[in-house]
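Summary of structural features
Chain by chain, the residues:
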Number of protein chains: 2
Amino acid sequence: MRYLLKIQEKIAPELISIVENRYTILRNIYYYQPIGRRALAEKTNISERLVRKELDFLCGRGLIKVYRSGTVLTDLGSKFLPELDKYMKELKGIRTLEEQLKGCLGIEEVHIVSGGLEPSIINQEIGRYTARLLHRLLKDGDILAVTGGTTLAQVASAMHENDSPMDIIVVPGRGGLGEEVEIQANTIAATIAKKLGGRYHLLHIPDSIQEENVDIIMAEPSIQRVLKFLKKANILIHGVGSAEIMAARRDMSPEEIQELKNRGAVAEALGYYFNESGEIVYVTTSVGLHLEDLKNIEKVIVVAGEPDKARAILSVVSPLYHNILVTDESTAREILNLKGVRQ
Amino acid sequence: MRYLLKIQEKIAPELISIVENRYTILRNIYYYQPIGRRALAEKTNISERLVRKELDFLCGRGLIKVYRSGTVLTDLGSKFLPELDKYMKELKGIRTLEEQLKGCLGIEEVHIVSGGLEPSIINQEIGRYTARLLHRLLKDGDILAVTGGTTLAQVASAMHENDSPMDIIVVPGRGGLGEEVEIQANTIAATIAKKLGGRYHLLHIPDSIQEENVDIIMAEPSIQRVLKFLKKANILIHGVGSAEIMAARRDMSPEEIQELKNRGAVAEALGYYFNESGEIVYVTTSVGLHLEDLKNIEKVIVVAGEPDKARAILSVVSPLYHNILVTDESTAREILNLKGVRQ
DNA sequence: AAGGGTGGGACATAATTGTTCTAACGGGAT
DNA sequence: ATCCCGTTAGAACAATTATGTCCCACCCTT
């Protein structure tokens, strides 16, 4: 399979740029439809005339439809796009990247989404991909734990409504980390549960509670009930943040932030802060899953894009805790760079 | 595998003609090297300028070398060509053709050589391919039976000398069918045996012997010895001829030829003449393998190109007797046409 | 009603392609 | 050895095609 494409690359190397152009255009249409030639040209860095040519081509293939108001994906086109994803992965050697990253991180599965789009869109792509992955992975009886963050929010919004309700329980992995509602774990858990037709339980915990009050909160029956589900969760999906952004997003005091910096924190996940070597340097006093719990969870999926997170991902992800990583092409390459692996 | 190329064909259909051009050019260089631009252009029906462009490209890839005296395949090029063969088979859907033909004929294996060359070259291609197949198939201890014919002669000449001699015996499948020396079974058997570094035994039998003398000849010890090997042959490779051409090639009397026509003979193989329905309508009184013997031979390979032989192949090849068919693309398509299979 | 987007058209320019010419090389015959 | 013929690559140039750029009439939204 890979073999044939290798041969092809030798005999027709120009193919890659041709297909890449069309792929990029299709994906941009997907995200911005209806969209015009000029806007597409700008987004894709392909000249307007070329975009037009490709548009004509794609139109002829019935993948898109050009209206007065702009270009739109046809049904055929949106069905075709996931297939193209697969194809492009092979063509651009992303499958190889996945293997390298797998070996490098020692993890079970690595999924990489094709790059070549704007960062904001890449996050959506990761969401779209992870959503598909989740749909495949989840089965009746599962208890899914999720965390917050922009990436997870994308996953939630990219999931589609199930035809028939599933017997699934979704719970937030940690409570009260003081973020905006849309990207809170609670919101995301609810969204996903609703789309799947499953149930959900939320953790309502004050943003920053005193250390001495934790036990009191924990004793609350409503909290206890959710924590019981959490302990039984067999799938966890969580994001990774860069330490400073997370610290800012959660209303940390300046002293705390300084303390984090002093300790060399670069990454955050599940309320834990890690330094470059992957050591835990700080833990927020929050309620829910603890790092050690991850070892008992069947499938732990970590999802994170954006190349500036490469270092963070590297320090967080560990075969001890994680099974699956979902990221994007440029982040993957950056991680391998940091590790000194040549591609 | 096939799947990816299907996707590719949808997103980049122009690729096929690009690759096809380069493939055709490469193959023509292989057969005619050193050859010039103009001659190539004529043979391939590609405009001279295009040939030049592709030549520049192939040169840049190090697959060919352009000399004052013409273009020549480099070592890399000749190593690359068989890989390209494989790739082209997938790309042009020849693998699918093979499957269809396999199903249609009920045979174990079908090998189809990519078309798009002049008929004379196609025969060489089939020879080249079959030679590779034989090299792969043969193992020490084998006894190989071969017949005559232009196609088999190509096979023989396309085989390469073995580094180390093989423990193999090659014998002609039938004796004395009165053809030119170069395409006689005896000659071919000797050639193949020499190339493999094996032994061979020949059948020297008068061209057209009287029915009543067959037994006398058969009793000859020298003949008996060869026949004994023949009965133990575990691989047979034979060609297929159209009835009229074969009748002419072997000096048949006008009455016999008329008789053949009356009986509706369309195909010949191993001295047997078949009508359209695959029934045997005539047998030359010759010495050697009989049709029934084929059932006991491990691998029977039938090799035949040229589209006008399609009907002949169809009536000769049977799962009862044959395991492997080697032919070319246009013949394959013609056979499927005759069978009413749409491709 | 106006403004920012749209597709289609126009057109100059660049690139590709078809065609022809030429000088030089190679190989066979002398 | 040498001449000669055929074939070669390379160059040149015209014809065609692809491409970059800009404009315009239109439509939708605001």
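Heads up: the structure comes first, above all this text.
Residues numbered from 1 in each chain as written. Chains lettered and ligands numbered in written order. Predicted model: local features only at pLDDT ≥ 70, side-chain atom pairs only at ≥ 80, totals over all residues. Heavy atoms only, no water.

Topic: the packing of aromatic side chains
- What the rule picks out here adds up to 4 aromatic pairs over all chains.
- Plain terms: the ring middles of tyrosine 30 of chain A and tyrosine 31 of chain A are 4.8 Å apart, the flat faces sit at 90° to each other, and that makes the pair edge-to-face. (Phe/Tyr/Trp six-rings, centres within 6.5 Å; stacked < 30°, edge-to-face > 60°.)

Here's the deal with the sheet that holds strand E10 (residues 272–275) of chain A
All names here are of chain A.
- An order of E8-E9-E10-E11 is seen for the 4 strands of this open sheet, with the pairing classed as antiparallel. Each of the sheet's edge strands pairs with one partner strand only, and the pair in question is strand E8 (241–242) and strand E11 (280–283).
- Relative to strand E9 (residues 265–269), E8 runs antiparallel, the two being bridged by 2 bridges. Across the sheet, the residue bridging to glycine 241 is glutamate 268, located in E9. (Pairing = 2+ DSSP bridges. Helix = DSSP H or I, 4+ residues; strand = E, 2+ residues; numbered from the N terminus.)

Looking at the pattern of salt bridges
- Across all of its chains, the model carries 44 salt bridges over all chains by this definition.
- In this structure, the salt-bridge partner of glutamate 125 of chain A is arginine 27 of chain A, at a minimum N-O distance of 2.5 Å. Remark: arginine 27 of chain A occurs in helix H2 (residues 15–32) and glutamate 125 of chain A occurs in helix H7 (residues 119–137); sequence separation between them is 98 residues. The same class applies to glutamate 125 of chain A as to arginine 27 of chain A, namely buried.
- Taking the shortest distance from any N to any O, the salt bridge between lysine 92 of chain B and glutamate 329 of chain B comes out at 2.9 Å. (Salt bridge = Lys/Arg side-chain N within 4 Å of Asp/Glu carboxyl O. Buried < 20%, exposed > 50% of the residue type's maximum accessible area, 1.4 Å probe, protein only.)

Remarks on the pairing of strand E10 (residues 272–275) of chain B
All names here are of chain B.
- Here E10 shows a buried face lined by Tyr272 and Phe274 and a second buried face lined by Tyr273 and Asn275.
- Pairing of strand E9 (residues 265–269) with E10, which is carried by 4 bridges, proceeds in the antiparallel orientation. Bridging across to E10, alanine 269 finds its partner in tyrosine 272.
- Connecting E9 to the antiparallel partner E10 that follows it, the hairpin turn spans 2 residues, and leucine 270 within it adopts a positive phi of roughly 55°.

Details of the protein's contact with DNA strand D
- Taken together, 20 residues surround DNA strand D, and among them Ser47 and Lys53 of chain A together with Gly36, Arg37 and Arg38 of chain B come closest.
- Restricting the count to atoms of DNA strand D within 4 Å of the protein gives a sugar and phosphate share of 52%.
- Contact distances for DNA strand D include 2.7 Å between a phosphate oxygen and a side-chain N or O atom of lysine 53 of chain A.
- Measuring from a phosphate oxygen of DNA strand D, one finds a backbone N or O atom of glycine 36 of chain B at 2.6 Å.
- Among the elements of the structure, helix H4 (48–60) of chain A together with helix H3 (37–44), helix H4 (48–60), strand E1 (64–67) and strand E2 (70–73) of chain B are those that each provide at least two residues to the surface near DNA strand D.
- Tallying contributions element by element places H4 of chain A first for the surface near DNA strand D, with 4 residues.
- Class assignment of the residues belonging to the surface near DNA strand D gives a composition of 5 nonpolar, 5 polar and 10 charged. (Near = heavy atom within 4 Å. Polar contact = N/O pair within 3.5 Å; in protein donor to acceptor, adjacent residues only side chain to side chain. Nonpolar A, V, L, I, M, F, W, Y, C, P; charged D, E, K, R; others polar.)

Some thoughts on the protein's contact with DNA strand C
- Surveying the vicinity of DNA strand C reveals 20 residues, the closest of which are Gly36, Arg37 and Tyr67 of chain A together with Ser47 and Lys53 of chain B.
- In DNA strand C, the atoms that sit within 4 Å of the protein are 51% sugar and phosphate, with bases accounting for the remainder.
- When residues of the surface near DNA strand C are traced back to their parent elements, those giving at least two are helix H3 (37–44), H4, strand E1 (64–67) and strand E2 (70–73) of chain A together with H4 of chain B.
- Among the elements that take part in the surface near DNA strand C, H4 of chain B stands out by supplying 4 residues, more than any other.
- Taken together, the residues of the surface near DNA strand C sort by class into 5 nonpolar, 5 polar and 10 charged.

Let's talk about the relation of the copies chain A and chain B
- Rotating chain A by 179° and translating it 0.0 Å along the rotation axis places it on chain B, where the RMSD comes to 0.1 Å. The superposition operator between the copies reduces to a two-fold rotation axis.
- In this assembly, 100% of the residues forming the interface of chain A have copies in chain B that are likewise at the interface, indicating an isologous arrangement. (Least-squares fit on C-alpha atoms with pLDDT ≥ 70 in both. Contact = heavy atoms within 4.5 Å.)

Points about the interface of chain A and chain B
- With 27 residues of chain A at the interface, the matching set in chain B holds 27 residues.
- In total, about 2400 Å² of surface goes out of reach between chain A and chain B, with carbon and sulfur atoms giving 70% of it.
- Counting the contacts that link chain A with chain B gives 2 salt bridges.
- Residue glutamate 14 of chain A is joined to arginine 22 of chain B by a salt bridge in which the shortest nitrogen-to-oxygen separation is 2.7 Å.
- Summed over the shared surface of chain A and chain B, the number is 13 residue pairs in polar contact (both at pLDDT 80 or more).
- Those elements giving two or more residues to the side of chain A that touches chain B turn out to be helix H1 (2–11), H2, H4 and helix H5 (75–91) of chain A.
- Ranked by residue count, the leading element in the side of chain A that touches chain B is H1 of chain A, at 8 residues. (Buried area = accessible area lost by both parts, 1.4 Å probe.)

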